[in-house]
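Working through the structure, step by step
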Amino acid sequence: MFRIDPEPTFAADAALTAPGQADPAILPIRWKHLRRDDLKKWIDALASSDLSDVDGLAEVIAGWDGVVDAQGKEVPFSREALRELLGAYHTAGAELVRAYVRALTESRLGN
């Protein structure tokens, strides 16, 4: 069955470049669904710098899994944790934006 009104959140991974690693790190994220017009406004606001990466991504990330600190302790999603991630990993902002847009606009293809 196809729902006319999508679930308010959905899960999709983001691949993030991690210095010194040959393969990207996979970050499981719970994203917030944006309607088509809202997605366009969100992209335009990010492109024009009306929204910072932290503010823009905080609008569409509902949570994440598998993020830990240097001691291995789980780090729940928060605006501050997102700011820390974006400060530590230079390409993470653009990679998260691309992962969100791709997850929102492309269906998963099965066999």
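As the structure is a prediction and not an experimental result, all values here were calculated from the model. Along every chain, residues carry numbers that run from 1 in the direction the sequence is written. Thresholds applied to this predicted model are a pLDDT of at least 70 for local features of residues and 80 or more for the giving and counting of side-chain atom pairs; totals over whole chains, interfaces and linings are not thresholded and use all residues. Hydrogens and water are ignored here; the side-chain numbers use all heavy atoms of the structure.

Let us now look at the overall build of the chain. For the purposes of this entry, the term helix denotes a DSSP run of H or I that reaches at least four residues, the term strand denotes a run of E that reaches at least two, and both are numbered from the N terminus. When helices and strands are tallied, the chain shows four helices and three strands. Secondary structure of the chain in N-to-C order comes out as β-β-α-α-β-α-α. Note on method: radius of gyration uses C-alpha positions; expected globular size equals 2.2 Å times residues raised to 0.38. What you see for the chain is a C-alpha radius of gyration of 15 Å, in line with the 13 Å of a compact globule of 111 residues. By principal-axis analysis of the C-alpha atoms, the chain measures approximately 45 × 40 × 25 Å. Relative to its full complement of 111 residues, the chain shows a buried share of 31%. If you take every contact in the chain between residues at least 6 apart in sequence, the share linking residues at least 24 apart comes to 55%. On the chain, roughly 7800 Å² of surface is accessible, and the fraction owed to carbon and sulfur atoms is 52%. Relative accessibility thresholds used throughout: buried, under 20% of the residue-type maximum; exposed, over 50%; partly exposed, between the two (1.4 Å probe, protein chains only). Residues count as neighbours in contact if any of their non-hydrogen atoms are within 4.5 Å of one another. Per-residue accessibility takes into account occlusion by the displayed protein chains alone, with areas from the Shrake-Rupley method and a 1.4 Å probe.

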